[in-house]
Amino acid sequence: MSEAPTAVLRAEGLVKTHHGEGAPAHAVRGVDLCVRRGEFVAVTGPSGAGKSTLLHLLGGLQRPDSGSIWLDGERTDAYSEARWAVERRRRIGIVFQFFNLVSNLSVADNVELPALLAGVSARRARAERAELLAELGLAGKERSLPGELSGGEQQRVALARALVNRPPLLLADEPAGSLDSKGTREVMRLLSRFHQRGQTILLVTHDARLASAADRVISFFDGRIADDVELGGAASPGAGVPAVLELRD
Amino acid sequence: MRLPLLALLARGPAHGYELKQDLEQLLGAAYPQPNIGQIYVTLGRLEKSGLIEGEEVEQSSRPNKKIYHLTAAGQEALSAWYEETSDEPRVRDEFFMKLALAPQTGLADQITLINRQRRHYLNTMRNLSKLATADHRDNRIAQLLIEGAMLHLQADLDWLERCQEELEKPE
């Protein structure tokens, strides 16, 4: 078969309204989206634009009011909560702003847990964990508890946990949102590195610096896609750089 | 570039090409290098206004070179430069005026303008982050220059976002 590569992730007509106290909030108002294998896509927009809700829908953490999602071409409408939980171990890795590590488990256990839950042997889980932690500069921290690590280190543990089962898709929800400038640069560098090795990434962020690491940026306003642009393409003007760095006469 | 050249001469006399190399070394490859012609022109102007003085030095097989040193007036101008604080960066006023006047001209849609400007900034941001991770990681001054540019650009992007939020609302 010589058809175009299947989209890792596809969404059509996604709608989600939050009914809390007060007026209903239209978080996602009709979104069509396609993420191809190997792409690194950033979704940016002001807080409250609905971009986190969008990511939650795409990861099965929330259910849309209407619309459909396909993972690797497979329609997920009929997935149960349990099925989504399985997919979040196998096909989708997720990192969050506040890391969401299990606070009373060691770094090593936090990373190995999803592998063990996915039915991987203890030996292989250990091997995968050791490789990832070394790669992320966390060798020697295996026995630490998350609370003993800096924010940047905790986010790297969360990244290892999300990638331990080598999911085809990584979802990242404001991964640098609670980190300082140095931590942000670190996350940026690591996401770029995994992407260069072929990891498909969908990143939600309000941080334009982080978004610029992606090769495609979607601007999200008021529950809708306002713009969708490939960065670094042939038509992209790179002339901005000398001009912004140059000293004035 | 006038005052940076004066500042480089505060250390001691130097000729034009040395000053160009000093700037390059300080700011790294990321910085768009001033060409040697620009430097000679600026040095000529500085000499004319009495802030530096040049001395011809004979070279055996090449044309003479001119070695410059700071004058007392130059020293003073440099001290004054360090005494004053610098101006704030300005809002991108050209884009702002385009945006503000767009509805009256009927020539462009405001949201389209914002989207296009954002694409331009994002591409520049991407190039800057590439520079930051490229080969000048060891040059702290160059890193700070790039980081400064990125933070400014981020502020511009945040501001575009505010414009879009505001202008998409019905009046």
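Residue numbers here run from 1 along each chain, matching the order of that chain's written sequence. Written order decides the labels, with chains lettered from A and ligands numbered from 1. Where totals are concerned, whole chains, interfaces and linings use all residues; where local detail is concerned, this predicted model gives features only for residues with pLDDT of at least 70, and gives and counts side-chain atom pairs only at 80 or more.

As recorded in an unreviewed UniProt entry, chain B goes by PadR family transcriptional regulator and comes from Streptomyces ossamyceticus.

**Student:** Before we move on, can you summarise the overall build of chain B with the specific residues and values?
**Tutor:** Here a strand is any run of E in DSSP of at least two residues, a helix any run of H or I of at least four, and the numbering for each starts at the N terminus. Tallying secondary structure elements over chain B gives 7 helices and 3 strands in all. Seen in sequence order, chain B has helices and strands lined up from the N terminus as α-β-α-α-β-β-α-α-α-α. Using C-alpha atoms as the atom set, the radius of gyration is obtained and then compared with a globule rule of 2.2 Å times the number of residues to the power 0.38. At 22 Å, chain B has a C-alpha radius of gyration far larger than the 16 Å of a compact globule built from 171 residues. Three exposure classes are used. Buried residues have 20 or more other C-beta atoms within 10 Å of their own C-beta, exposed residues have 12 or fewer, and partly exposed residues fall in between, all C-beta atoms being placed from the backbone. Evaluated residue by residue, chain B yields a buried proportion of 26% over its 171 residues. Restricting the contact set of chain B to residue pairs at least 6 apart, pairs at least 24 apart contribute 54%. Throughout, a pair of residues is in contact if the C-beta atoms placed from their backbones lie within 7 Å.

**Student:** Break down the sheet that holds strand E5 (residues 74-75) of chain A for me, citing the residues and quoting the values.
**Tutor:** All names here are of chain A. Strand pairing is assigned whenever DSSP detects at least two bridges linking the two strands. Pairing within the open sheet is antiparallel, and its 4 strands lie in the order E2-E1-E4-E5. What marks the edges here is a single partner per strand, and that holds for strand E2 (25-36) and E5. As paired strands, strand E1 (residues 7-18) and E2 are joined by 9 bridges and run antiparallel to one another. Across the sheet, residue Ala11 finds its bridge partner in E2, namely Leu33.

**Student:** Pulling in residues and values, what's your account of the pairing of strand E8 (residues 200-205) of chain A?
**Tutor:** All names here are of chain A. With respect to burial, E8 is a largely interior element, 6 of its 6 residues being buried. Because side chains alternate across E8, one face comprises the buried residues Thr200, Leu202 and Val204, and the other comprises Ile201, Leu203 and Thr205, equally buried. Of the pairings in the sheet, the one linking strand E3 (residues 40-44) to E8 comprises 5 bridges and is parallel in character. Note that in E8 the partner of Thr44 across the bridge is Thr205. In terms of strand pairing, strand E7 (residues 169-173) meets E8 through 5 bridges, oriented parallel. Following the sheet pairing, Leu171 is matched in E8 by Leu202. Here is how to tell: hold the view so the strands point away, follow the path from the first strand over the helix to the second, and if it runs clockwise the crossover is right-handed. Handedness of the crossover joining E7 and E8 through helix H6 (residues 181-196): right-handed.

**Student:** Outline the nonpolar core, supporting the account with residue identities and numerical values.
**Tutor:** Ranked by internal contacts, the top residues of the largest apolar core, which has 81 residues, are A:Leu58, A:Ala160, A:Leu171, A:Leu202, A:Leu203 and A:Ala214. Those residues in contact with A:Leu58 that sit more than four places away from it in its chain are A:Leu9, A:Ala11, A:Ile69, A:Leu171 and A:Leu202. Core membership is restricted to buried Ala, Val, Leu, Ile, Met, Phe, Trp, Tyr and Cys residues, and these are joined into a nonpolar core through C-beta atoms within 7 Å. By size, the runner-up hydrophobic cluster in this structure holds 10 residues, among which are B:Leu5, B:Leu19, B:Leu43 and B:Ile52.

**Student:** Could you give me a rundown of the domain arrangement of chain A, with the residues and numbers involved?
**Tutor:** The figure often quoted for interface size is the accessible area lost as the parts come together. All names here are of chain A. For chain A, the assigned domains read domain 1 (1-91 + 168-234) and domain 2 (100-166). Here domain 1 and domain 2 have C-alpha centroids that lie 23 Å from each other. Contacts between the two partners involve 10 residues from domain 1 and, on the opposite side, 12 residues from domain 2. Put simply, the parts of the chain that give the side of domain 1 that touches domain 2 at least two residues each are helix H2 (81-90) and H6. In terms of residue count, H6 provides more of the side of domain 1 that touches domain 2 than any other element does, 4 residues in total. Nonpolar residues are Ala, Val, Leu, Ile, Met, Phe, Trp, Tyr, Cys and Pro. Charged residues are Asp, Glu, Lys and Arg, and all others, Gly as well, are polar. Tallied by class, residues from the side of domain 1 that touches domain 2 come to 5 nonpolar, 2 polar and 3 charged. A domain assignment, automatic or from a database, supplies the domain bounds used here.

**Student:** Tell me what's going on with the environment of A:His195, and back it up with residues and numbers.
**Tutor:** Residues and elements named next belong to chain A. The topology assignment puts His195 in helix H6. Judged by the 19 C-beta atoms lying within 10 Å of it, His195 is partly exposed. Once the C-alpha coordinates of His195 and Glu39 are considered, the two residues, 156 residues apart in sequence, prove to be 7.7 Å apart. Sequence-distant contacts of His195, defined by excluding residues within four places in its chain, comprise Phe40 and Ile201.

**Student:** Before we move on, could you go through the domain arrangement of chain B and cite the residues and values that matter?
**Tutor:** All names here are of chain B. By domain assignment, chain B separates into domain 1 (2-83) and domain 2 (93-168). Just the C-alpha atoms count here: the centres of domain 1 and domain 2 sit 34 Å apart. Considering only residue class, the side of domain 1 that touches domain 2 consists of 5 nonpolar, 1 polar and no charged.

**Student:** Can you lay out the packing of helix H6 (residues 110-133) of chain B against helix H7 (residues 140-168) of chain B for me, pointing to particular residues and giving the numbers?
**Tutor:** A pair of packed helices is characterised by two quantities: the angle between their axes and the separation of those axes. All names here are of chain B. Note on geometry: axes are lines fitted to C-alpha atoms, helical ones only across the stretch in contact, with angles between N-to-C directions running from 0 to 180 degrees. Running from N to C, H6 and H7 point in directions that differ by 160°, and their axes come no closer than 10 Å. When the axes of H6 and H7 are compared, the pair comes out roughly antiparallel. Considering only the axes of H6 and H7, their crossing is left-handed. Angles below 35 degrees are treated as roughly parallel, those above 145 as roughly antiparallel, those between 65 and 115 as roughly perpendicular, and all remaining angles as oblique. A crossing counts as left-handed when the near helix is turned anticlockwise from the far one by less than a right angle, and as right-handed when that turn is clockwise.

**Student:** Summarise the packing of helix H1 (residues 2-9) of chain B against helix H3 (residues 36-48) of chain B; cite the residues concerned and give the values.
**Tutor:** Residues and elements named next belong to chain B. Direction vectors running N to C along H1 and H3 enclose 80°, while the axes themselves pass 10 Å from each other. The angle between H1 and H3 places the two elements in the roughly perpendicular class. Of the residues in H3, those in contact with Arg2, Leu5 and Leu6 of H1 are Thr42, Leu43 and Leu46. Looking at the contact of H1 with H3, its residues break down into 4 nonpolar, 1 polar and 1 charged.

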